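Architecture at a glance
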Amino acid sequence: MPTEQVGPVPLFLYGTAWKEDRTAALTERAVRAGFRGIDTANQRRHYFEAGVGEGLAAAYRAGIVTRDELFLQTKFTYQRGQDHRLPYDPASSFAEQVAQSLASSLEHLGTDHIDSFVLHGPASNYDWTDADAEVWEAMVEECNAGRARVLGVSNVSLRHLEQMTAAHTVPPFLVQNRCYARLGWDREIRAFCHQRHIVYQGFSLLTANVEVVQHPLVMELAKRMGVSPAQIIFAFARAIGILPLTGTSSETHMKQDLASLELSLPQEAVDAIESLAG
Ligand SMILES: NC(=O)c1ccc[n+]([C@@H]2O[C@H](COP(=O)([O-])OP(=O)(O)OC[C@H]3O[C@@H](n4cnc5c(N)ncnc54)[C@H](OP(=O)(O)O)[C@@H]3O)[C@@H](O)[C@H]2O)c1
């Protein structure tokens, strides 16, 4: 894996899911607000990747950023996670589907390479299968060909990761998972990633953990520090080694989310939040 070819991974990623015809405008707004990492997927059911490309093109034209200043991440999604709008021929082999999907992503995003290519989720909820192995090796090929800088895997269990890393010589550079406070904020997977220097990206930090966002401990800390509870959660996430995603549509929240990078929480607050729910 040519990890030396990827620049620093930004400390916050802007997620582009569920934005439909607002995707272009919100992507441009996120870049204007200061986000330099953009997460998308070639999965028309939940993402409008071509809209992300439009938003980026507008930001380039306006001179806000250049392509090289951005970290662009997209995903390969199996047919079972897609609707009828497939970015590949489902009759092709999995390896060919990966190549077709990435070629389509590059076209959508107006670039000759992406910074990060992620398997959206393994084929089975239980095991790392032969299909996953074929897909992963095809993703490695895309890396070797220079069309993707680093590789990742999403929506995985510890079992998936153990089987995957035993089966392949190229490990994931990153893992992207939904992060539940009741599972100790994905404690087991975070530990696995930490031991192997794998970047851990967490999503649904706010929406999956409403009980923690609204917990008196978090509310009081937010009041004391003069910030919002959401900012406390993002600062906490960073303190325990999570690279957070936000998909906010609000310009105010975009700025608040980025400003949380400046917050430093007392260690006892980090420890208390980590064990509030699990
Ligand atoms: N790999 C996967 O399978 C997968 C699955 C889901 C998501 N993702 C990625 O993760 C990204 C983020 O998704 P998410 O599930 O974390 O949800 P999200 O789309 O980020 O939604 C977060 C919610 O929190 C609110 N919010 C954000 N910042 C806030 C702030 N500072 N104060 C108060 N509220 C705030 C937002 O409302 P406002 O819009 O009003 O701010 C929104 O309702 C997605 O866009 C996608 O890129 C990946």
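This report concerns the structure included in the present document. Worth saying up front: this structure is predicted, and the values here are computed from it rather than measured.

**Describing the overall build of the protein**
The helix and strand tally for the protein stands at 11 helices and 8 strands. Scaling as 2.2 N^0.38, a compact globule of 278 residues should have a C-alpha radius of gyration of about 19 Å, and the protein matches this with 18 Å. Reported as C-alpha extents along the three principal axes, the dimensions of the protein are approximately 55 × 45 × 35 Å. Across the 278 residues that make up the protein, the buried fraction comes to 54%. Across the protein, every contact between residues at least 6 apart in sequence was considered, and the portion connecting residues at least 24 apart equals 72%. Working note: accessible area of the protein is about 12200 Å², and carbon and sulfur atoms make up 51% of it.

**Comments concerning the pattern of salt bridges**
Inspection of the entire model under this criterion finds 11 salt bridges. With its nearest N and O atoms 2.8 Å apart, the salt bridge here joins Asp 39 to Lys 75. On the criterion of sequence distance, the pair formed by Asp 39 in strand E2 (residues 37-39) and Lys 75 in strand E3 (residues 71-76) is long-range, its members being 36 residues apart. With respect to burial, Asp 39 and Lys 75 carry one shared label: buried. A salt bridge links Lys 255 to Glu 251, with the nearest nitrogen and oxygen atoms 3.6 Å apart. Taken together, the positions of Lys 255 and Glu 251, both in helix H10 (residues 251-259) and 4 residues apart, correspond to about one turn of that helix.

**Quick word on the sheet that holds E2**
Pairing between sheet strands relies on hydrogen bonds along the backbone, with the strands arranged either parallel or antiparallel. A barrel is described by the order of its strands in space; here 8 strands give the closed sequence E1-E2-E3-E4-E5-E6-E7-E8, paired in parallel fashion. Taken pair by pair, the neighbouring strands of this sheet meet at an average axis angle of 30 degrees, ignoring direction. Where strand E4 (residues 114-119) lies against strand E5 (residues 148-154), 5 bridges are found, and the strand directions are parallel. Paired with Ile 114 across the two strands is Ala 148, which belongs to E5. Docked against the sheet, helix H4 (residues 130-144) engages E3, E4 and E5, running at close to 160 degrees with respect to E5.

**Considerations on the packing of aromatic side chains**
If you walk through the whole model with that rule in mind, you get 7 aromatic pairs. Ring centres 4.9 Å apart and planes at 65 degrees place the aromatic pair Phe 12 and Phe 234 in the edge-to-face group. With a gap of 222 residues between them, Phe 12 in the segment before strand E1 (13-15) and Phe 234 in helix H9 (residues 229-239) connect regions that are remote in the sequence. Of the two residues, Phe 12 and Phe 234, neither departs from the other in class, the shared state being buried. The interplanar angle of 50 degrees and the centroid separation of 5.5 Å between the aromatic rings of Tyr 14 and Phe 35 together place this pair among those described as tilted. Of this pair, Tyr 14 sits in strand E1 while Phe 35 is found in the loop between helix H1 (23-33) and E2, placing the two residues 21 residues apart along the sequence. Take Tyr 14 and Phe 35: they sit in the same class, and that class is buried.

**Here's the deal with unusual backbone geometry**
The phi dihedral of Trp 185 falls on the positive side, at around 55 degrees, and the residue is not glycine. In this structure, Asp 186 takes a positive phi of about 60 degrees despite not being glycine. Along the polypeptide, Asp 186 turns up in the loop between strand E6 (174-178) and helix H6 (187-195).

**Things to note about the site of the ligand**
Residues in contact with the ligand amount to 26 residues; listed here are only the nearest, Asp 39, Gly 247, Thr 248, His 253 and Asp 257. A distance of 3.3 Å is found between an oxygen atom of the ligand and a backbone nitrogen or oxygen belonging to Gly 15. In the environment of the ligand, an oxygen atom lies 2.8 Å from a nitrogen or oxygen atom belonging to the side chain of Asn 155. Within the complex, the protein chains bury 79% of what would otherwise be the 900 Å² of accessible surface of the ligand. Looking at the shell around the ligand element by element, the count peaks at 3 residues for H10. Along the lines of polarity and charge, the residues of the shell around the ligand split into 7 nonpolar, 15 polar and 4 charged.

**Looking at the packing of helix H2 (residues 49-61) against helix H3 (residues 94-109)**
At their nearest, the axes of H2 and H3 sit 7 Å apart, and the two run at 35 degrees to each other. Where H2 abuts H3, its residues Glu 49, Ala 50, Val 52, Gly 53 and Leu 56 lie against Ser 104, Ser 105, His 108 and Leu 109.

**Describing a negative patch on the surface**
Judged by side-chain charge, Asp 89, Glu 96, Asp 130 and Glu 134 come together as a negatively charged surface patch. When you line up the elements, Asp 130 lands in helix H4.

Conventions and cut-offs
Residues numbered from 1 in each chain as written. Predicted model: local features only at pLDDT ≥ 70, side-chain atom pairs only at ≥ 80, totals over all residues. Heavy atoms only, no water. Helix = DSSP H or I, 4+ residues; strand = E, 2+ residues; numbered from the N terminus. Rg over C-alpha atoms; globule rule 2.2 N^0.38 Å. Buried < 20%, exposed > 50% of the residue type's maximum accessible area, 1.4 Å probe, protein only. Contact = heavy atoms within 4.5 Å. Areas by Shrake-Rupley, 256 points an atom, 1.4 Å probe, with all protein chains shown as cover. Salt bridge = Lys/Arg side-chain N within 4 Å of Asp/Glu carboxyl O. Pairing = 2+ DSSP bridges. Axes fitted to C-alpha atoms, helices over the stretch in contact; angles between N-to-C directions. Phe/Tyr/Trp six-rings, centres within 6.5 Å; stacked < 30°, edge-to-face > 60°. Near = heavy atom within 4 Å. Polar contact = N/O pair within 3.5 Å; in protein donor to acceptor, adjacent residues only side chain to side chain. Nonpolar A, V, L, I, M, F, W, Y, C, P; charged D, E, K, R; others polar. Patch = residues over 30% accessible without salt bridge, like charges linked within 9 Å, V, L, I, M, F, W, Y side chains within 5 Å. Lys, Arg positive; Asp, Glu negative; His and termini not counted. Charge placed at Lys NZ, Arg CZ, Asp CG, Glu CD.

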